[in-house]
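Now for the letters of each chain:
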Amino acid sequence: MGAIFFYHQIVTLTKLTYLDLSFNQLTDSIPHQIGSLTKLTYLDVSNNQLTSSIPHQIGTLRELNSLDLSTNYLTGSIPSSLGCLTELTSLNLCGNQINGSIPP
C-alpha cells in the first residue's frame, strides 16, 4: 500500500479522535487533508521520516489536546495556524529543522 493511498484512507475517518502513527517509517509530507479530521484530540506522527513543512491545515484541528511531530525531517516555519489550537496542552516539535516561534 503506497503512502498516498494510506493517507487518503486515514483522512476519511472524520469521527476519529485518537491517531498514533509513530514509529512507522512514514515518508513524504503530512497531507494537508489532515485538517479534515476535526474531531482529533490526539495526533502523534513522531519518529518517522516525514519531510516538508507543517501544513497550516493543522490549525483546523480545534479539539486537539496533544500534538507530537517530533523526530522527523520537517523544515520551515511553525505555521501561525497553530495559534488556533486553543485546547492544546502538549506540543512536541523537537528533532526537526523547523524555525520561528510558537504563535500565541
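Structure shown above.
A short tour of the structure in this document, coming up. Owing to the predicted nature of the structure, the values given are computational and were not obtained by experimental measurement.

Here is what the cut-offs are and how they apply
- Residues numbered from 1 in each chain as written.
- Predicted model: local features only at pLDDT ≥ 70, side-chain atom pairs only at ≥ 80, totals over all residues.
- Heavy atoms only, no water.
- Core = buried A, V, L, I, M, F, W, Y, C linked by side-chain atoms within 4.5 Å.
- Buried < 20%, exposed > 50% of the residue type's maximum accessible area, 1.4 Å probe, protein only.
- Contact = heavy atoms within 4.5 Å.
- Helix = DSSP H or I, 4+ residues; strand = E, 2+ residues; numbered from the N terminus.
- Polar contact = N/O pair within 3.5 Å; in protein donor to acceptor, adjacent residues only side chain to side chain.

## Things to note about the nonpolar core
A general feature of soluble globular proteins is that nonpolar side chains tend to end up buried together.
Next, step 1: Leu43, Ile58, Leu61 and Leu69 are the most contacted members of the largest nonpolar core, which totals 22 residues.
Next, step 2: Leaving out residues up to four positions away in the same chain, Leu69 has contacts with Ile30, Val45, Ser46, Ile54, Ile58, Leu74, Asn92, Leu93 and Asn96.

## Looking at the side chain of Asn72
Next, step 1: Checked against the element boundaries, Asn72 lands in the loop between strand 5 (66–68) and strand 6 (73–77).
Next, step 2: There is a polar contact of 3.4 Å between the side chain of Asn72 and the backbone nitrogen of Gln49.
Next, step 3: Within the structure, Asn72 has its side chain in polar contact with the backbone oxygen of Leu69 (distance 3.1 Å).
Next, step 4: Among residues more than four places away in sequence, those in contact with Asn72 are Val45, Ser46, Asn47, Asn48, Gln49, Leu50, Gly95 and Asn96.

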